[in-house]
Amino acid sequence: MIDSVNPIRRRMMLALAALAAAGRPARAAAGGIRQAAGKSDKAYIERAFEMRQHAIASGDQAFGAVVVRDGVIVGQAPSRVVTAGDPTAHAEMEAIRDAARRLGGRDLGGCTLYSSSPPCPMCEAAAYWAGIGDMVYGRDATRAGTQRLCG
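Just so we're clear, the structure is a prediction, and the values are computed from it rather than from any experiment.

Chemist: Talk me through the environment of Thr-142; I want residue IDs and the actual numbers.
Modeler: Note on placement: Thr-142 falls in strand β5 (residues 142–143). Sequence separation of Thr-142 and Tyr-114 is 28 residues, and the distance between their C-alpha atoms is 9.6 Å. When near neighbours in sequence (up to four residues on either side) are disregarded, Thr-142 contacts Met-135, Val-136 and Tyr-137.

Chemist: Describe in detail the environment of Gly-75, supporting the description with residues and values.
Modeler: Residue position: Gly-75 is located in strand β2 (residues 72–78). Assessed through its relative accessible area of 0%, Gly-75 is described here as buried. With 20 residues separating them in the primary sequence, Gly-75 and Ala-95 have C-alpha atoms 5.1 Å apart. Dropping the residues within four chain positions of it, Gly-75 is found in contact with Ile-33, Val-66, Val-67, Ala-95, Asp-98 and Ala-99.

Chemist: Can you explain unusual backbone geometry? Please cite residues and give values.
Modeler: With a phi angle near 55°, Asp-70 is a residue other than glycine that sits in the positive phi range. With respect to the element layout, Asp-70 can be found in the loop between β1 (64–69) and β2. Relative accessible area serves as the criterion here: at 67%, Asp-70 is assigned to the exposed category.

Chemist: If you had to explain the pairing of strand β4 (residues 134–137) to someone new, which residues and values would you point to?
Modeler: Inspection of the sheet shows strand β3 (residues 111–115) paired to β4 by four bridges, in the parallel sense. Paired with Thr-112 across the two strands is Asp-134, which belongs to β4. In this region the chain leaves β3, passes through helix α6 (residues 121–130) and returns to the parallel neighbour β4; the handedness of that crossover is right-handed. Looking at chain direction, β4 and β5 are connected through two bridges and run antiparallel. From the neighbouring strand, Val-136 faces β5, where its bridge partner is Arg-143. Following β4, the chain reverses through four residues before pairing antiparallel with β5; Gly-138 in that reversal takes a positive phi of roughly 80°.

Chemist: Lay out the nonpolar core in plain terms, naming residues and giving numbers.
Modeler: One recurring pattern in soluble globular proteins: nonpolar side chains tend to sit buried together. One finds Val-67, Ile-96, Leu-108, Leu-113 and Ile-132 to be the most contacted residues of the largest nonpolar core, which totals 19 residues. Among the secondary structure elements, those contributing two or more residues to this core are β1, β2, α5 (91–103), β3 and α6. What Ile-96 contacts, discounting residues up to four positions off in sequence, is Val-67, Leu-108, Leu-113, Cys-123, Ala-126, Ala-127, Ala-130 and Ile-132. Membership of the second largest hydrophobic core comes to 13 residues, among which are Ala-36, Tyr-44, Ile-45 and Tyr-114.

Rules behind the numbers
- Along every chain, residues carry numbers that run from 1 in the direction the sequence is written.
- Residue-level local features of this predicted model are given only where pLDDT is at least 70; pairs of side-chain atoms are given and counted only at 80 or more, and the full residue set underlies all totals for whole chains, interfaces and linings.
- For the side-chain quantities, the full set of heavy atoms in the structure was used; hydrogens and water were omitted.
- In this text, helices come from DSSP runs of H or I with a minimum length of four residues, and strands from runs of E with a minimum of two, each type numbered from the N-terminal end.
- By definition in these notes, contact holds between two residues if any of their heavy atoms fall within 4.5 Å.
- Each residue's exposure class comes from its accessible area (1.4 Å probe, protein chains only) as a fraction of the maximum for that residue type: buried when under 20%, exposed when over 50%, partly exposed otherwise.
- Pairing between strands requires that DSSP locate at least two bridges from one strand to the other.
- By convention, orient the strands away from the viewer: a clockwise path from the first strand over the helix to the second makes the crossover right-handed.
- Here, the term nonpolar core denotes a set of buried Ala, Val, Leu, Ile, Met, Phe, Trp, Tyr and Cys residues that are joined through side-chain atoms within 4.5 Å.

Here you go:
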């Protein structure tokens, strides 16, 4: 019924909704994401491997990733390089993009990126620029630490 509201009132309602969404905590921003069974590196890696399975099922490369802040998965994605026809749509890049959208900004400080395999240099650079503090990858949940752009 919002279409029947006058245009000025409609814009005000939409602006108020956007302001309310911007102030929500990460838990609310993670709406729609099924959370991991536990709050451990192994549980988050398992979710990254579930994203990997989604990638395989959709005909893409076998990679998956999730972004976690304060024990809550705030971003997730399978690889979409093949299906989207985008060479930058690595699972890690897509999970970072998803988290930034859900959290309403590019600062992912305090987040950890979990990936099904070691991230490539492009994905490490994206994590660096997003402010992601730690990376964990692979079935053994190898901790890669904080990213650096140069050596």
